[in-house]
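What follows is each chain in one-letter form.
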Amino acid sequence: MSVSFLAPALRFSVFDPMKLKTIHSVLFNVVRHKWNFTHLELPSPKSRNFRREIEWPEKYTVKPLNNKHLAGRDPISGRVVVKGLGGGIKQKYHWVDLKRFGPTGEHDAPRIDRVLEIMDCGCRTAKVALVGCGTNLKYIIATVNMKPGDMLVTSGYIPRIPVNPNEGDAYPLGALSKGTKVHCIEKMPGEGAHYVMTAGSTATILRQVDDRVIVQLPSKLQVSLSKYCMASIGQISNANHFKEHIGSPNRNRELGNRPRSGLWQRKTGRFGRKIRPPPPLKTITELAPKKLEKVTLELSALF
C-alpha cells in the first residue's frame, strides 16, 4: 500500500520535464562557476616563467628534472598571460647551482672543481658544465673556452693585490682588477648569481669606489655592487646563439614559440633615431628589515 502511495509522487517529481530542466540548469551553473576563474586577477607577465614549470625535488641533484609546459598560461586559473608561447619539444631541465662559495681565510686553500662534461641544455641558451669536487657533483654555466679536464678555482678571500684568474674561476668582485670580464654576478652577497647568465653575454668591471664595485652590464647599465659579491670569470658559452638562423616556421614551433600576426615591424633608421642619455648608475643595497609592530593584548576585552 505504501508503494502505491509513493509511486505517483515519485513519478511526478522525477519525470516532470520542468523539474528536470531546473535541476539540469542548477547543476550546470554549479559546474560552470567551479571552473570559472575570470574573477581572479591576471598575474603580470614578469612575475614568473610562463613557458614551463619545473618539478623541483627536496634536495639538489644532477639528475635531469621533468617539467610541465605552461604554454603562456597561468597554472592556477589557466588564463593566457603571454600570447607568444606554446607547444615545442619537451626538454629535461638541468639544475644549475648558482651559488659558488669558497674559503674566506687568508691562509685557506681555495676550492678546486674539475670539469667532467660539457653538455647542451634545452631549457637555457648557454651550455652547462658538470663539475665535481670530491664526491660532490653540480652543474654550472660553461664559458666559451671551457673543456673537460679543466680545474676551476673558487675563493672568497679578497687580497690586497688583485688576483690573476683563469676563465671559469670564481672570486669576489673586490679581488678582481679593472677591465675583467665576468658573468654570473651576485646581486647580494650569498644569494647566488643574478646578472649575466645568457649565452655569449659578459659584463665588465669599470672601477672600485671604497667598498663598492662598478660593473657595466651588457645592456650598458652600470650597477654599483658590494665588493663581496661573487662573480665568475670569462664569457658565457654558445656565443653564436643569437646568430643562429631558424629557417622555417616549423622550427620556430619546435622551439616553443607561437606564430605572430606579422603586423609589428622593427623600426629602421630611415627617419633617424632618438638620442637618449645613458641610464644613471644604479646602486644595489640591502633592504632594511621591517620593524615589527607592537601589539597590546588586553584581557578586559574578553569579558
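Residues numbered from 1 in each chain as written. Predicted model: local features only at pLDDT ≥ 70, side-chain atom pairs only at ≥ 80, totals over all residues. Heavy atoms only, no water.

Undergrad: Help me get a handle on unusual backbone geometry, residues and values and all.
TA: Phi at Cys184 is positive, roughly 50 degrees, even though this residue is not glycine. Position of Cys184 relative to the elements: it lies in the loop between strand 8 (181-183) and strand 9 (185-186). Although it is not a glycine, Asp210 adopts a positive phi angle of roughly 55 degrees. Note on placement: Asp210 falls in the loop between strand 11 (203-209) and strand 12 (212-216). (Helix = DSSP H or I, 4+ residues; strand = E, 2+ residues; numbered from the N terminus.)

Undergrad: Please provide a residue-by-residue account of the pairing of strand 14 (residues 230-233), values included.
TA: Along any regular strand, the residues point their side chains to alternate faces of the sheet. Strand direction decides the pairing type here: strand 7 (residues 170-172) and strand 14, joined by three bridges, are antiparallel. Within strand 14, the position partnered with Ala170 by the bridge is Ser232. Note: strand 8 against strand 14, two bridges, orientation antiparallel. Each residue of the ladder has a partner; that of Val182, found in strand 14, is Ile233. (Pairing = 2+ DSSP bridges.)

Undergrad: Talk me through the pattern of salt bridges; I want residue IDs and the actual numbers.
TA: Counted according to the given criterion, the structure contains seven salt bridges. Here Arg48 ties to Glu53 by a salt bridge, and the two come within 3.9 Å at their closest N and O atoms. Look at Arg48 and you get partly exposed, because its relative accessible area is 34%. A relative accessible area of 25% means that Glu53 is categorised as partly exposed. With a shortest N-O distance of 3.5 Å, Lys227 and Asp211 are connected by a salt bridge. Taken together, the positions of Lys227 in the loop between strand 13 (222-226) and strand 14 and Asp211 in the loop between strand 11 and strand 12 put the pair 16 residues apart, joining distant regions of the chain. (Salt bridge = Lys/Arg side-chain N within 4 Å of Asp/Glu carboxyl O. Buried < 20%, exposed > 50% of the residue type's maximum accessible area, 1.4 Å probe, protein only.)

Undergrad: Quick rundown of the packing of aromatic side chains? Include the residues and the values.
TA: One pair of aromatic rings is described through two measures. These are the centre distance and the angle between the planes. A full pass over the atoms with the stated rule returns three aromatic pairs. Ring centres of Trp56 and Tyr93 lie 5.5 Å apart, and the angle between their planes is 85 degrees; on these two criteria the pair is classed as edge-to-face. Here Tyr93 lies in the loop between strand 2 (67-69) and strand 3 (111-119) and Trp56 lies in the loop between strand 1 (52-54) and strand 2, a separation of 37 residues in the sequence. For Tyr93, a relative accessible area of 14% puts it in the buried group. Taken together, a centroid distance of 5.0 Å and an interplanar angle of 55 degrees make the contact between Tyr60 and Trp95 tilted. With Tyr60 in the loop between strand 1 and strand 2 and Trp95 in the loop between strand 2 and strand 3, this residue pair connects regions lying 35 residues apart in the sequence. The exposure class of Tyr60 is partly exposed, given its relative accessible area of 32%. Counting every residue linked through ring pairs, the aromatic cluster contains Trp56, Tyr60, Tyr93 and Trp95. (Phe/Tyr/Trp six-rings, centres within 6.5 Å; stacked < 30°, edge-to-face > 60°.)

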